[in-house]
Amino acid sequence: MAFLEVQNVVKRFGGLVAVAGVSFEIEPGRIVGLIGPNGAGKTTLFNLIAGTFPCDEGAIRFCGEDLTRSRPYHVCRKGIARTFQIARPFHEMTCYENVVVGLIGRDGFRGETEARRRRVEELLEFVGLKDFMHTEARHLNLIQKKLLEIARALATRPKLVLLDEVLGGLNTGEILKALDLIRAIRDRFGVTILWIEHVMGALMQVVERLLVLDRGRLLCEGEPAAVVKDPRVIEAYLGEADD
Amino acid sequence: MPRRRTQTLQLLMALGLALFPFFAGDYWLHTGIICLFYIMMASSWNLLAGYTGQVSFAHAAFAGVGAYVSGLAAIHFHLPPLLGALLGMAVAAFLGLLLGVLCIRMGGIYLSLTTLAFSEMLRIIIDNEYEFTRGTMGLSVPFILPVYSKTTAYFLMGAVTVAVLCVIRSIVRSDLGTAFRAVQNDETAAASLGIHVVKVRLAAFVISSTMAGLAGALYGHYHQLITPEILSLNLMFFVLAIAVIGGMGTFVGPIVGAIFLEFLSEYIRIYGQFHVLLFGLIALAVCRFAPQGLMGLWQRRMRALSS
């Protein structure tokens with residue numbers, strides 16, 4: 001039984017085929033990168049896995065359960081959390097409340113307890129937002145908003161996290177910190193990570209496997225070092241070589 | 001504000017409200033009772049519109065449902081008004097559920113228009129089913145209590161209002177309230193965190209309709225006359241104005257708004273048609289200078305004072 005199994009999924013928007021039959025499997029405990037040129041269908045693929053859009057064809061199975069037709073809240077409760085390409089924190093709510101929403105979503109309405117309060121503080125401390133616990137999310141900067149999304153996603157006790165471009169807009173120092181955080185998500189919480197990123201240099205330092213999407217198809221997959229040397233990948237990014 | 005001062009203020013207010021019937025004349029007592037009705041209406045509408053962002057125009061219609069169900073039950077089955085109010089509440093809750101299921105998946109303006117249509121349809125039916133509802137003549141119904149007394153009615157309405165406000169406050173502070181605000185802030189993000197958005201929005205819709213049904217039934221039996229006026233858009237917009245001018249999405253806003261607007265409308269009633277104009281001007285001024293309502297103004301002022 002595969003951990004995450006994506007089988008021949010297709011998504012069309014009118015005449016445009018955004019995802020044109022993609023299949024892959026992910027093993028538990030890995031950090032897997034998902035790359036590809038703009039418009040390759042990476043975020044659409046995330047939206048299909050997370051249930052935001054229904055698949056037109058194909059199947060998605062997670063830990064032996066069929067999630068092909070599942071709605072987003074159900075996918076989350078089964079153990080797949082996500083962040084968004086453009087951060088979407090609950091702006092009018094404090095960081096603390098933002099994380100509480102994740103706990104409520106996973107466990108139901110159980111009310112505030114001492115254990116829950118500790119859990120929220122722990123998560124905010126983990127991403128480095130403890131000092132902003134009672135600050136409304138709209139006052140955070142871009143990086144902090146992304147960190148808050150990660151804390152919120154972890155609050156749902158996921159087995160798999162889908163990270164959509166966490167490093168965009170960060171400087172070198174911030175990227176290094178973020179990389180440590182991403183490793184820690186896996187090492188400390190035992191969460192598998194599927195990660196879309198454009199900052200290749202950084203991605204290569206962390207991921208153990210790479211998937212490359214191009215024009216809605218899976219171009220190739222495998223060891224990061226081998227994948228980036230693959231002529232098909234170079235062609236997708238840089239265009240065909242003139243002979 | 002220091003805790004001590006807040007508590008003293010609350011105590012003074014409670015005392016003032018308790019003593020109000022003994023120094024207010026008949027007329028102002030009546031105004032006070034109507035005011036309590038509007039506090040319930042605006043606060044429960046605020047729970048829906050201010051905390052989950054669903055601007056429903058059917059709130060007055062649900063008050064009408066509560067009033068007519070309770071009134072008809074009293075006339076045809078001799079049900080005591082207080083039991084009738086419970087029945088009215090239940091029917092309002094049920095209709096709220098049906099309307100909610102129908103239009104909850106639509107957002108924003110579509111929800112508003114559907115609820116507006118529902119509200120007008122209901123009003124037209126009640127207007128025209130003369131045999132049953134006595135149309136615009138209105139239903140003559142028994143008083144809420146066995147013995148007629150405005151003072152007792154005031155305390156009954158007051159107790160129910162306090163109860164409704166307590167329920168609203170505990171909902172807002174509970175996990176359900178957190179889910180409400182999450183859904184209002186960003187539905188997609190809330191769903192991605194395991195929140196069942198449709199259920200949460202539906203819960204808000206049903207809870208607020210139930211409260212409107214209760215408020216409407218008590219209001220009808222207090223007046224002893226139930227007319228389609230309760231379901232009118234006039235009343236709906238008055239409730240909306242109260243919540244907006246008081247401050248949507250705050251607990252105190254609708255209460256302050258109801259007291260302010262209801263008493264104000266009594267003072268400017270003598271100007272006849274012009275009182276509508278004055279209302280419009282106030283609403284305009286609030287939108288321009290205090291977009292968060294009177295409560296927003298107050299909070300800004302407190303912050304300026306403390307810093």
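Can you tell me about the overall build of chain B, naming the residues and giving the values?
Helix and strand counts for chain B stand at 14 helices and 2 strands. Here the C-alpha atoms of chain B give a radius of gyration of 19 Å, agreeing with the 19 Å that 2.2 N^0.38 yields for 307 residues. With respect to the principal axes defined by its C-alpha atoms, chain B has extents near 60 × 50 × 35 Å. For chain B, the residues scored as buried account for 46% of the 307 residues in total. A separation of at least 24 residues holds for 75% of the contacts in chain B among residues at least 6 apart in sequence.

Can you explain the overall build of chain A? Please cite residues and give values.
A count of helical and extended segments in chain A gives 9 helices and 10 strands. At 18 Å, chain A has a C-alpha radius of gyration in line with the 18 Å of a compact globule built from 243 residues. Principal-axis analysis of the C-alpha atoms gives chain A an extent of 65 × 40 × 35 Å. Long-range contacts, defined as pairs at least 24 residues apart, comprise 67% of the intrachain contacts of chain A with a sequence gap of at least 6.

A description of helix H13 (residues 274-289) of chain B should follow, citing residues and the corresponding values.
It helps to recall that an α-helix has 3.6 residues per turn; residues three or four apart then point in one direction. Between the first and last C-alpha of H13 of chain B there are 22 Å, a value that for 16 residues agrees with the 22 Å anticipated at 1.5 Å per step. Burial runs low along H13 of chain B: only 1 of the 16 residues are buried.

Give me the lowdown on the interface of chain A and chain B, citing residues and values where you can.
Many descriptions give the size of an interface as the accessible area lost when the pieces come together. Listed by partner, the interface residues are 24 residues for chain A and 18 residues for chain B. Element by element, the count of residues in the side of chain A that touches chain B is highest for helix H3 (residues 95-107) of chain A, at 7 residues. Grouping the constituent residues of the side of chain A that touches chain B by class yields 10 nonpolar, 6 polar and 8 charged.

I'd like a rundown of the nonpolar core, residues and numbers included.
Ala151 and Ile193 of chain A together with Met41, Ile195, Ala215, Leu218 and Val239 of chain B are the most contacted members of the largest nonpolar core, which has 160 residues in total. Apart from the residues within four sequence positions on either side, Ala151 of chain A is in contact with Val99, Leu123, Leu124, Phe126, Val127 and Leu129 of chain A.

Quick one: what's the story with the pairing of strand E4 (residues 57-62) of chain A, residue by residue and with numbers?
Residue and element names in this part refer to chain A. Of the pairings in the sheet, the one linking strand E1 (residues 4-13) to E4 comprises 5 bridges and is antiparallel in character. Looking across to E4, one finds that Leu4 is bridged to Phe62. In this structure, E4 lies alongside strand E5 (residues 65-66), joined through 2 bridges in antiparallel fashion. Across the sheet, the residue bridging to Phe62 is Glu65, located in E5. Following E4, the chain reverses through 2 residues before pairing antiparallel with E5; Cys63 in that reversal takes a positive phi of roughly 50 degrees.

Please provide a residue-by-residue account of the sheet that holds strand E7 (residues 160-164) of chain A, values included.
All names here are of chain A. Spatially, 6 strands are ordered E6-E7-E8-E3-E9-E10 in an open sheet, and the strand pairing comes out mixed. Edge positions in the sheet fall to strand E6 (80-82) and strand E10 (217-222), since each of these pairs with one other strand and no more. Sheet twist, expressed as the average angle between the axes of neighbouring strands with direction ignored, equals 20 degrees. Note: strand E3 (residues 31-35) against strand E8 (residues 192-196), 4 bridges, orientation parallel. Residue Gly33 lies in a different strand from E8, and its bridge partner there is Trp195.

Which residues make up the pairing of E1 of chain A, and what values do they have?
Residue and element names in this part refer to chain A. One ladder, built from 8 bridges, connects E1 with strand E2 (residues 16-26); its direction is antiparallel. By the bridge assignment for E2, Lys11 is matched with Val19. Counted along the chain from E1 to the antiparallel partner E2, the turn is 2 residues long, and its residue Gly14 has a positive phi close to 60 degrees.

Describe the environment of Cys63 of chain A, and please don't skip the residues or the numbers.
All names here are of chain A. Of note, Cys63 is situated in the loop between E4 and E5. Overall, Cys63 belongs to the partly exposed group, with 16 C-beta atoms counted inside 10 Å. Measuring from C-alpha to C-alpha, the distance between Cys63 and Phe3 comes to 4.8 Å, with 60 residues separating the pair along the chain. In this structure Cys63 touches Phe3, Gly79 and Lys159, once residues within four positions along its chain are discounted.

So what about helix H12 (residues 253-267) of chain B? Which residues, and what values?
Residue and element names in this part refer to chain B. A rise of 1.5 Å per residue sets the reference length of H12, with its 15 residues, at 21 Å; its end C-alpha atoms lie 21 Å apart and thus fit the reference within 8%. For H12, the complete set of buried residues consists of Gly253, Pro254, Ile255, Val256, Gly257, Ala258, Leu261 and Glu262. In this structure, the buried side of H12 is in contact with helix H2 (26-52), helix H11 (233-246) and helix H14 (293-306).

Requested: an account of the sheet that holds E5 of chain A, with residues and values cited.
All names here are of chain A. Spatially, E2-E1-E4-E5 is the arrangement adopted by the 4 strands of the open sheet, whose pairing is antiparallel. The open sheet has two free edges, formed respectively by E2 and E5, since each of these has just one partner strand. Docked against the sheet, helix H1 (residues 42-50) engages E1, E2 and E4, running at close to 65 degrees with respect to E2.

I'd love a proper account of the environment of Leu99 of chain B, names of residues and values included.
Residue and element names in this part refer to chain B. As for its placement among the helices and strands, Leu99 is situated in helix H4 (residues 81-103). In this structure the C-alpha to C-alpha distance between Leu99 and Ser209, which are 110 residues apart in sequence, comes to 10 Å. Excluding residues within four positions of it along the chain, Leu99 makes contact with Ala58, Thr115 and Phe118.

Explain the confidence of the model for chain A to me, and be specific about the residues and the numbers.
Reading predicted coordinates in detail is not appropriate for stretches of low pLDDT. Here chain A averages 89 in pLDDT, and 98% of its residues register 70 or above. Ranking the elements of chain A by mean pLDDT puts helix H9 (residues 231-238) of chain A last, at 80, and E6 of chain A first, at 93.

Conventions and cut-offs
Residues numbered from 1 in each chain as written. Chains lettered and ligands numbered in written order. Predicted model: local features only at pLDDT ≥ 70, side-chain atom pairs only at ≥ 80, totals over all residues. Helix = DSSP H or I, 4+ residues; strand = E, 2+ residues; numbered from the N terminus. Rg over C-alpha atoms; globule rule 2.2 N^0.38 Å. Buried ≥ 20, exposed ≤ 12 C-beta atoms within 10 Å, placed from the backbone. Contact = placed C-beta atoms within 7 Å. Expected span 1.5 Å × (residues − 1). Nonpolar A, V, L, I, M, F, W, Y, C, P; charged D, E, K, R; others polar. Core = buried A, V, L, I, M, F, W, Y, C linked by C-beta atoms within 7 Å. Pairing = 2+ DSSP bridges. Axes fitted to C-alpha atoms, helices over the stretch in contact; angles between N-to-C directions. pLDDT = per-residue confidence, 0-100.

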